[in-house]
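Architecture at a glance
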Amino acid sequence: MAKERIIAGLDLGTTKICAIIGEATVNGEVRIVGVGTAASYGIRTGMVVNIDQTAAAIRKAVEDAERMAGVKVGSLYTGIAGGHIRGLDSRGVVAVSHPDKGITDADVRRVLDAAKAVTMPKDTELIHLLPQGFIVDDQPGIKEPIGISGVRLEAEVYIITGAVTAAQNVYKSVNQAGRRIKELVLQPLASSYAVCSPDETELGVAVVDIGGGTTDIALFFEGALRYIAVVGLGGRNVTNDVAIGLSTPLDQAEQIKKEHGCSFLSMVDDKEKIQVPMVGGRPPKEVPKGLLSSIIQPRMEEIFNFTLREIRRSDYAELLPAGIILTGGGAMLEGSTQQVEQVFGMPAKIGMPQGVTGLADAIQSPIYSTAVGLLHYSVSRTDDKIQRDRYQLGPSGTFSKVKQWFNNFL
Ligand SMILES: Nc1ncnc2c1ncn2[C@@H]1O[C@H](COP(=O)(O)OP(=O)(O)OP(=O)(O)O)[C@@H](O)[C@H]1O
Ligand SMILES: [Mg+2]
């Protein structure tokens, strides 16, 4: 019988903190066994701003997931996001040690180390080193160079960095909640593991995760992550606009948005009316649904226009035949795919977390894409040990200094 291994993902979102526990089988399947969520008050636009509040929410989410799963988890794959994240292209070149014998694993390590040695600003650290392709002598586009004969090996990589202080605050929060971080993972990269098929990432696709505080963009082409960007707006901005526009309290605005909101005005039947509770205990008002939509549409349009501008800044805007995959809670707004298709002129769909069994019903919402994706990411890393050791730099990689420093305190 296949031996199962317990894995856990922790999504630190602006509106909710979510822990998911899964069992990974040897053939790479993920069975969800526990889900826990807690409202998030200590995170703003993807970054921890209050450690006590974040730690308390992590503790609750993880304990709830553990109770459901009937297991304890020690360490969790944890998402990191925010405006401090940067993606940059780099390359490295080395001479192949034994050209006659072919390129070895050691050569690949050396070339990736060379590509990594870019000047990073002082207060940033490496989160991911993602090989894009190798060039052997003058032959480009090689995905797996080992064994190929050649004299000169060149690697093209995409490097994701983050601010050391932002990472420290994530470590502090998780550690204060009595847990350890197994590895920090870029949130939109994690989401894409849950919502994209290999065909889509191979063809070219944009994953747009509309959260509460930010909209995270990740572009994939020929199977690799090529470009990331963040727009500092999300569903919370829409809710604020509704609260102000309809003079209703924030929690009511949130509910009205979810129940009746539509970001595509032409889809709304203007004869339909909705009841809106007023601030300050004044009597509720009846307003046409079209009015609500006319508040929501411009804000969503702003988010999508910024998103499109970011995509156009990359070299991949014309290389996205698989279109746009919208995920995150903001994607659930009625009319969002239609609006994206109009603004972008590309096909769009909603990305739900996929590829899991067990309590799959409990995570059937785009708000769980990041947490579910962290489990898929965990499986891909541990299944492919060579990949992990070679590409993710082993123990000296991911936020190693910060991680070591914090784990010394446990
Ligand atoms: N049915 C719905 N219709 C419209 N918006 C929705 C719906 N459900 C959730 N949302 C919005 O989704 C947002 C939360 O999404 P999500 O849980 O993905 O964010 P998060 O991960 O906490 O935040 P972030 O990723 O920005 O840190 C909220 O702004 C909420 O209003
Ligand atoms: Mg999120």
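See the structure above.
Residues numbered from 1 in each chain as written. Chains lettered and ligands numbered in written order. Predicted model: local features only at pLDDT ≥ 70, side-chain atom pairs only at ≥ 80, totals over all residues. Heavy atoms only, no water.

1. Section: the packing of helix α6 (residues 235–246) against helix α7 (residues 250–260)
At a minimum axis separation of 8 Å, α6 and α7 run at an interaxial angle of 110 degrees. Looking at the two axes, α6 sits roughly perpendicular to α7. Taking contact as the criterion, the partners of Gly 235, Val 238, Thr 239, Asn 240, Val 242 and Ala 243 in α6 are, on α7, Leu 250, Ala 253, Glu 254 and Lys 257. Split by residue class, the contact of α6 with α7 holds five nonpolar, three polar and two charged. (Axes fitted to C-alpha atoms, helices over the stretch in contact; angles between N-to-C directions. Helix = DSSP H or I, 4+ residues; strand = E, 2+ residues; numbered from the N terminus. Parallel < 35°, antiparallel > 145°, perpendicular 65-115°, else oblique. Contact = heavy atoms within 4.5 Å. Nonpolar A, V, L, I, M, F, W, Y, C, P; charged D, E, K, R; others polar.)

2. Examining the site of ligand 1
Close to ligand 1 lie 19 residues, the nearest being Thr 14, Thr 15, Gly 213, Glu 254 and Lys 257. The fraction of the free accessible surface of ligand 1 (650 Å²) that becomes covered by protein chains is 92%. In this structure, ligand 1 is accommodated by the second largest pocket. Among the secondary structure elements, those contributing two or more residues to the shell around ligand 1 are α6 and α7. Per-element tally for the shell around ligand 1: the top contributor is α7, with three residues. Partitioning the shell around ligand 1 into residue classes produces three nonpolar, eleven polar and five charged. (Near = heavy atom within 4 Å. Areas by Shrake-Rupley, 256 points an atom, 1.4 Å probe, with all protein chains shown as cover. 1 Å grid on protein atoms, 1.4 Å probe; cavity = no way out; pocket = protein on both sides within 12 Å on 5 of 7 lines; lining within 4 Å. Sits in = over half its atoms within 2 Å of the grid points.)

3. Examining the nonpolar core
Counting 103 residues, the largest nonpolar core has Leu 10, Ile 20, Ile 160, Leu 225, Ile 311, Ile 324 and Phe 344 as the members making the most contacts within it. Looking at this core element by element, the count peaks at eight residues for helix α8 (residues 289–313). The residue makeup of this core includes at least three contributed by each of domain 1 (86–162) and domain 2 (198–351). Leaving out residues up to four positions away in the same chain, Leu 225 has contacts with Leu 130, Gln 132, Tyr 158, Ile 160, Leu 186, Leu 189, Ala 218, Leu 219 and Phe 220. (Core = buried A, V, L, I, M, F, W, Y, C linked by side-chain atoms within 4.5 Å. Buried < 20%, exposed > 50% of the residue type's maximum accessible area, 1.4 Å probe, protein only. Domains from an automatic or database assignment.)

4. Some details on helix α1 (residues 51–69)
In an α-helix, one full turn covers 3.6 residues, which means residues spaced three or four apart are oriented alike. In a regular helix each residue adds 1.5 Å, so 19 residues correspond to 27 Å; α1 covers 26 Å between its end C-alpha atoms and thus fits that length. Positive backbone phi, at 70 degrees, marks Gly 70, one or two positions downstream of α1. (Expected span 1.5 Å × (residues − 1).)

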